[in-house]
Amino acid sequence: MKVLKKTLLLAAIGGSLFATAASAEQVNLTWQMWTGSDADTKGWQHLADMVTAKYPDIKVTLTTTGWVDYWTRLPVLAASGQLADIVSMQSLRMPNFYSLLEPLNDRIAADKFDVGAFTPSIIGGMSIDKQLYGLPYDVGPWVVYYNQDVFEAAGIALPKPGWTLAEFTDAAKKLTKDGKYGFGITPQNYSVLASAWGDKYVNDARELDLTNPGAIAAAETVIGFAAKDKIAPLVPSSADAGTVIQGRFYSGNVAMYVDGPWSIIGMKDKVKFKVGSTTLPRGEGELTAVTAGSGFGIATTSKNKDAAWKAIQVLTSPEALQYLAEQGRALPARTASQSSWYKVAAKDITNGGEAIDYSLAHSVPYVITNNWAAVENLFNQYFPPAFAGSADAKQTMDAIQSLAQQ
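Residues numbered from 1 in each chain as written. Predicted model: local features only at pLDDT ≥ 70, side-chain atom pairs only at ≥ 80, totals over all residues. Heavy atoms only, no water.

The name given to the protein in an unreviewed UniProt entry is ABC transporter substrate-binding protein, with the source organism recorded as Rhizobium chutanense. Turning to the protein, the UniProt record has this under Sequence similarities (unreviewed entry): "Belongs to the bacterial solute-binding protein 1 family." (UniProt positions renumbered as here; feature names shortened; annotations may be inferred.)

## What to know about the packing of helix 9 (residues 189-196) against helix 10 (residues 213-227)
Running from N to C, helix 9 and helix 10 cross one another at 120°; their axes reach a closest spacing of 10 Å. Taken together, the axes of helix 9 and helix 10 are oblique relative to one another. When the axes of helix 9 and helix 10 are compared, the crossing they make is right-handed. Across the interface between the two elements, Tyr-190, Leu-193 and Ala-194 from helix 9 touch Ala-215, Ala-218, Ala-219, Val-222 and Phe-225 from helix 10. When grouped by side-chain class, the residues that make up the contact of helix 9 with helix 10 number eight nonpolar, no polar and no charged. (Axes fitted to C-alpha atoms, helices over the stretch in contact; angles between N-to-C directions. Helix = DSSP H or I, 4+ residues; strand = E, 2+ residues; numbered from the N terminus. Parallel < 35°, antiparallel > 145°, perpendicular 65-115°, else oblique. Left-handed = near helix turned anticlockwise from the far one by under 90°. Contact = heavy atoms within 4.5 Å. Nonpolar A, V, L, I, M, F, W, Y, C, P; charged D, E, K, R; others polar.)

## Quick look at helix 18 (residues 393-404)
Given 3.6 residues per helical turn, the α-helix brings residues three or four places apart onto the same face. The end-to-end C-alpha separation of helix 18 is 16 Å, in line with the 16 Å expected for twelve residues at 1.5 Å each. Each element contacted by the buried residues of helix 18 is listed here: helix 9, helix 10 and helix 17 (372-387). Between the side-chain oxygen at the start of helix 18 and the backbone nitrogen of Lys-394 there is a gap of 3.2 Å, and the oxygen is on Asp-392. (Expected span 1.5 Å × (residues − 1). Polar contact = N/O pair within 3.5 Å; in protein donor to acceptor, adjacent residues only side chain to side chain.)

## What about the domain arrangement of the protein?
Under the domain assignment used here, the protein contains domain 1 (27-139 + 292-345) and domain 2 (141-290 + 351-405). Just the C-alpha atoms count here: the centres of domain 1 and domain 2 sit 27 Å apart. Counting from both sides, the interface comprises 22 residues of domain 1 and, opposite them, 23 residues of domain 2. For the pair domain 1 and domain 2, the summed buried surface comes to about 1,900 Å²; carbon and sulfur atoms form 61% of the total. Among the residues of domain 1 in contact with domain 2, Leu-92, Trp-341 and Tyr-342 are the three that bury the most area, contributing 26% of the side total. (Domains from an automatic or database assignment. Buried area = accessible area lost by both parts, 1.4 Å probe.)

## Side note on the pattern of salt bridges
The full count for this structure, using the stated rule, is six salt bridges. In this structure, Asp-306 engages Arg-107 in a salt bridge whose closest nitrogen and oxygen atoms are separated by 3.0 Å. Of this pair, Asp-306 sits in helix 13 (residues 305-315) while Arg-107 sits in helix 5 (residues 105-111), placing them 199 residues apart in sequence. The exposure class of Asp-306 is exposed, given its relative accessible area of 53%. A salt bridge links Lys-394 to Asp-398; its shortest N-O distance comes to 2.8 Å. With Lys-394 and Asp-398 both in helix 18 and four residues apart, the pair spans about one turn of that helix. What makes Lys-394 partly exposed here is its relative accessible area of 47%. (Salt bridge = Lys/Arg side-chain N within 4 Å of Asp/Glu carboxyl O. Buried < 20%, exposed > 50% of the residue type's maximum accessible area, 1.4 Å probe, protein only.)

## A look at the sheet that holds strand 8 (residues 256-259)
Pairing between sheet strands relies on hydrogen bonds along the backbone, with the strands arranged either parallel or antiparallel. Read from one edge of the open sheet, three strands run 8-7-9, paired in antiparallel fashion. The open sheet is flanked by strand 8 and strand 9 (275-278), the only strands paired with a single partner. Adjacent strand axes in the sheet meet at a mean angle of 30°, parallel and antiparallel pairs treated alike. Where strand 7 (residues 143-147) meets strand 9, four bridges bridge the pair, whose relative direction is antiparallel. In the strand pairing of strand 9, Tyr-146 is matched with Gly-276. Here helix 11 (residues 241-250) sits on the sheet in contact with strand 7, strand 8 and strand 9, set at roughly 135° to strand 8. (Pairing = 2+ DSSP bridges.)

Dropping the structure here:
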């Protein structure tokens, strides 16, 4: 009788397990992400596969677009109810789009998820009013990447972290010759460089203030790189200037340009010269380097929020960030994972680790307004004509300030 009861019990347990397995349904999540290269896309797909590897009942379908298209399409997708379950978000865009994302504080508390494992500045960047809306995967300061081969061919000493604006301009002038330029400037470089020089373009009330003397002086310098010094090529208003300048750097047409540690994965496959990096040039005082980063949130419209929460934890896990670091894709937002980036990605870049270390040691929050996406669009529209000499710094800043307030 005991044997029979035990047999029946095992059968019941087995049947229960089978029923549970049979009832488990495949959850199909969608994920929107920007990409800059094929290598970039392969990296994100690898992370999507990592989710399924941990949770076999969850499949993540990745959709990618270019950087500019991503931000153009995001509000359109939101308005039409077509947001993906997982929405990628940059810290600088969070003030504009956080309402599209599910608040995470309650989930973090319930699961005792350790946000202390991440660099504090990027947790702040992904938060609004102390509510976290996305788990970050990277953090990093903007730096100057340079073509080491052309520096050495011209007999110019390689720039060291902490170099000055005067040293930078002198090097760029010497490297501008034979149809090639010393520096590639973009409209969106304005706020990054203005911050580095200590010039404020946002007031204490976090309102746009492009018409104060410091902001105009910074614009005059930035515009002057192309209009006056002729050390930078012109960029069209209608194009993604960042992609254009990056491409010209990869091709060897410009010797220096501004970017972040997230760009290294694209460089490895595309450049045929030795790449070095250094800090943004400082003004008369100490460098104040801005940092930013990106992460992944859950759309408020998602019908699979629990699965999406599991997924974004995998996408920002130590294993995922270790992979991204080794690919050179990102300086990990997790502090414990950052050494992997230095050992693998930065080792291919002359002074790469030193430039990041110096910048982080002299970093400040990237101050932006709630309508920053619109402000950057105005930068893209009004700076290129100024680069060509059609408008001066004051005219340019007055126009952007006026339109941004409408």
